[in-house]
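Below are the chains, spelled out letter by letter.
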Amino acid sequence: MGLNIEENQKLVEEILEAYPKKARKDREKHFQVADEKAIDCSTCAVKSNIKSRPGVMTPRGCAYAGSKGVVWGPIKDMVHISHGPVGCGQYSWGSRRNFANGTLGIDNFTAMQITSDFQETDIVFGGDKKLAVIMREITEMFPLAKGISVQSECPVGLIGDDIEAVSKKMSKELEMPIVPVRCEGFRGVSQSLGHHIANDAIRDFVMGRAELAETGPYDVNIIGDYNIGGDAWASRILLEEMGLRVIAQWSGDGSLNELEVAHKAKLNLIHCHRSMNYMVDHMEKAYGIPWLEYNFFGPTKTYESLRAIAALFDATIQENCEQMIARYKPVMDAVIRKYRPRLENKTVMLMIGGLRSRHTIGAYEDLGMDIVASGYEFAHKDDYEKMLPMLAEGTIVMDDPTAYELEELTKKMNIDLVGSGVKEKYVYHKMGVPFRQMHSWDYSGPYHGFDGFKVFAKDMDMTVNSPVWALVSRQGTMEPKEAGV
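Residues numbered from 1 in each chain as written. Predicted model: local features only at pLDDT ≥ 70, side-chain atom pairs only at ≥ 80, totals over all residues. Heavy atoms only, no water.

In the nomenclature of an unreviewed UniProt entry, the chain corresponds to Nitrogenase protein alpha chain from the organism Paenibacillus silagei. Under the UniProt heading Catalytic activity (unreviewed entry), the entry covering the chain gives this text: "N2 + 8 reduced [2Fe-2S]-[ferredoxin] + 16 ATP + 16 H2O = H2 + 8 oxidized [2Fe-2S]-[ferredoxin] + 2 NH4(+) + 16 ADP + 16 phosphate + 6 H(+)". Under Function (unreviewed entry), UniProt gives the following word-for-word description of the chain: "This molybdenum-iron protein is part of the nitrogenase complex that catalyzes the key enzymatic reactions in nitrogen fixation." (UniProt positions renumbered as here; feature names shortened; annotations may be inferred.)

This is the structure:
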């Protein structure tokens, strides 16, 4: 792949010319074309974690989405109340495919949506009394629920509902943990602050409240894996096959007890650094637990991560790791031999959350695909500093890109595959551009680990080479893309 730095810089400038002068000056700060210095990590010019400019169509979510939709919502044996109007709760309901063991409505509540359904009278007179009634009803309807969280929406913060006082009072009355989470959507610039707020609530109300009967030298936590399509299960298989014991996983298929005993682990393995780095930092300071970021997307990164994890343990774990890689490598090589010829040199543009743009690069490269543009919705500077060394010179890097910018990049770069979220999906289908929903795997998965790479490779081939694209006119490009057979 040969990307031209000067041409892509001109391309970015051309796209931004459509904005008024002030808006153009603002959006210029959020773009960078990767060059040698950027890849060496000596210069990262991308501005991030800044409030989106009013008037542009941002793909970001809010603090409530970061707390309820990401961190707390997947905890399966707690009931999570969306405290406020029904709209936010409905939007967050069942959209992320956080798989969890258990029986729905009995000991698993992840696919249910409980809301206080604010009306005008609640806005005027407050929702504190209503919240207490809901908590009593929850314990009657779901006697096996282990706890409750209160996820506050925007109006709750505006009118001043005292969710902390209600939670404290009802926790004593109902004799169960009730956690108030001040995650009103207007807090911060994106869902990233919602992650931080959610982690603080875990720290303050849950962590360290229980003990393990037995501990061992190989006890680890999986942190920041939300079990999308079964990802955490696919990852856990590898860790346990290597000889480690997973005592807690957050938060996909996670439980209240796992949050309470996680402080007994010997190592935290963090997957989504953006959403959980606050927590592993706290656990390192408070409990002395070291942490390691790992990446189980694609065989190359999975091999690297497994070896890095094993290196922190004894020779037995290291030997188990090498034996396991030796068993799986022929299987992974066969997958690559099957799909790489069909995907070689296909161009990819990624714009995913605050982690996966970086983590999925290796998986696409294992299939011979070229990342030509990549960015995040709500990343911070350290996310870009980690991503830049993974990119080829000339790759366009963008932060919080607008709908217009993404569409123009797709047209002008003649992209073969776009990987982003559900808000973007149908736009690209209408444009005639292959698209994968890379937030919840487009009803597929898992994508993590060796089992996941088989699914990932098949899905990318099915998407890019579907015959349907030959029946759709591709908008805004000089030539139609040729569909596969």
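## Regarding the sheet that holds strand S2 (residues 78-83)
The strands making up a sheet associate through backbone hydrogen bonding, with each pair oriented either parallel or antiparallel. Strands sit in the order S3-S2-S4-S5 across an open sheet of four strands; the sheet is parallel. With one partner strand each, in any of the chains shown, strand S3 (114-115) and strand S5 (178-181) form the two edges of the open sheet. Taken together, the four bridges between strand S4 (residues 147-152) and S5 define a ladder with parallel strand orientation. What sits directly across from Val150, in S5, is Pro180. (Pairing = 2+ DSSP bridges. Helix = DSSP H or I, 4+ residues; strand = E, 2+ residues; numbered from the N terminus.)

## Description of empty space enclosed by the protein
On inspection of all chains with the given rule, the structure shows one cavity of 30 Å³ or more. Looking at the largest cavity, its volume works out to about 30 Å³. Considering the residues around the largest cavity, the lining is formed by Met349, Leu350, Met351, Leu406, Val418, Gly419, Ser420, Glu424 and Tyr428. Secondary-structure elements contributing two or more residues to the lining of the largest cavity are strand S10 (347-351), strand S13 (417-420) and helix H20 (422-431). Residue composition of the lining of the largest cavity, grouped by class: six nonpolar, two polar and one charged. (1 Å grid on protein atoms, 1.4 Å probe; cavity = no way out; pocket = protein on both sides within 12 Å on 5 of 7 lines; lining within 4 Å. Points joined across faces, edges and corners; volume = space filled by probe spheres on them. Nonpolar A, V, L, I, M, F, W, Y, C, P; charged D, E, K, R; others polar.)

## Some thoughts on the sheet that holds S10
The mixed open sheet is built from six strands, whose spatial order is S1-S12-S11-S10-S13-S14. Edge positions in the sheet fall to strand S1 (31-33) and strand S14 (435-437), since each has one partner strand and no second. The sheet shows a mean angle of 15° between the axes of neighbouring strands, direction not considered. Summarising the sheet, S13 and S14 pair through three bridges and their orientation is parallel. By the bridge assignment for S14, Gly419 is matched with Arg436. Strands S1 and strand S12 (396-399) of the sheet are contacted by helix H1 (residues 5-16), whose axis makes an angle of about 160° with S1. (Axes fitted to C-alpha atoms, helices over the stretch in contact; angles between N-to-C directions. Contact = heavy atoms within 4.5 Å.)

## As for the packing of helix H11 (residues 231-241) against helix H15 (residues 315-343)
Direction vectors running N to C along H11 and H15 enclose 135°, while the axes themselves pass 9 Å from each other. By the angle class used here, H11 and H15 are oblique. Note on element contacts: H15 touches H11 through Met324, Arg327 and Tyr328, opposite Ile237, Leu238 and Glu241. Across the contact of H11 with H15, the residue classes break down as four nonpolar, no polar and two charged. (Parallel < 35°, antiparallel > 145°, perpendicular 65-115°, else oblique.)

## Quick look at a nonpolar patch on the surface
A grouping of Ile123, Val124, Phe125, Leu158, Ile159 and Phe186 is seen on the molecular surface, where their side chains present a nonpolar patch of about 640 Å² in accessible area. Within the residue set of the nonpolar patch, elements represented by two or more residues are helix H6 (120-125) and helix H8 (154-159). The element best represented in the nonpolar patch is H6, accounting for three residues. Note that Ile123 resides in helix H6. By relative accessible area, which is 38% here, Ile123 ends up partly exposed. (Patch = residues over 30% accessible without salt bridge, like charges linked within 9 Å, V, L, I, M, F, W, Y side chains within 5 Å. Areas by Shrake-Rupley, 256 points an atom, 1.4 Å probe, with all protein chains shown as cover. Salt bridge = Lys/Arg side-chain N within 4 Å of Asp/Glu carboxyl O. Buried < 20%, exposed > 50% of the residue type's maximum accessible area, 1.4 Å probe, protein only.)

## Some details on the side chain of His448
Within the element layout of this structure, His448 appears in the loop between S14 and helix H21 (449-464). With relative accessibility at 2%, the residue His448 sits in the buried group. With near-sequence residues (within four places) excluded, His448 lies in contact with Asp225, Asp231, Ala234, Ser235, His271, Phe296, Phe297 and Phe453.

## Things to note about the environment of Arg474
Take Arg474: it is sitting in the segment after H21. Arg474 sits in the buried class, given a relative accessible area of 10%. Note: C-alpha distance between Arg474 and Tyr428 (46 residues apart in sequence) is 9.5 Å.

## Considerations on the pattern of salt bridges
With the rule as written, the count across this model stands at 31 salt bridges. With its nearest N and O atoms 3.0 Å apart, the salt bridge here joins Glu344 to Arg340. For Glu344, a relative accessible area of 35% translates into the label partly exposed. A residue is classified by how much of its surface remains accessible, and Arg340, at 29% relative accessible area, is partly exposed. Salt bridges linked by common partners bring Arg274, Glu293, Arg358, Asp382, Asp383 and Lys386 together as one network.

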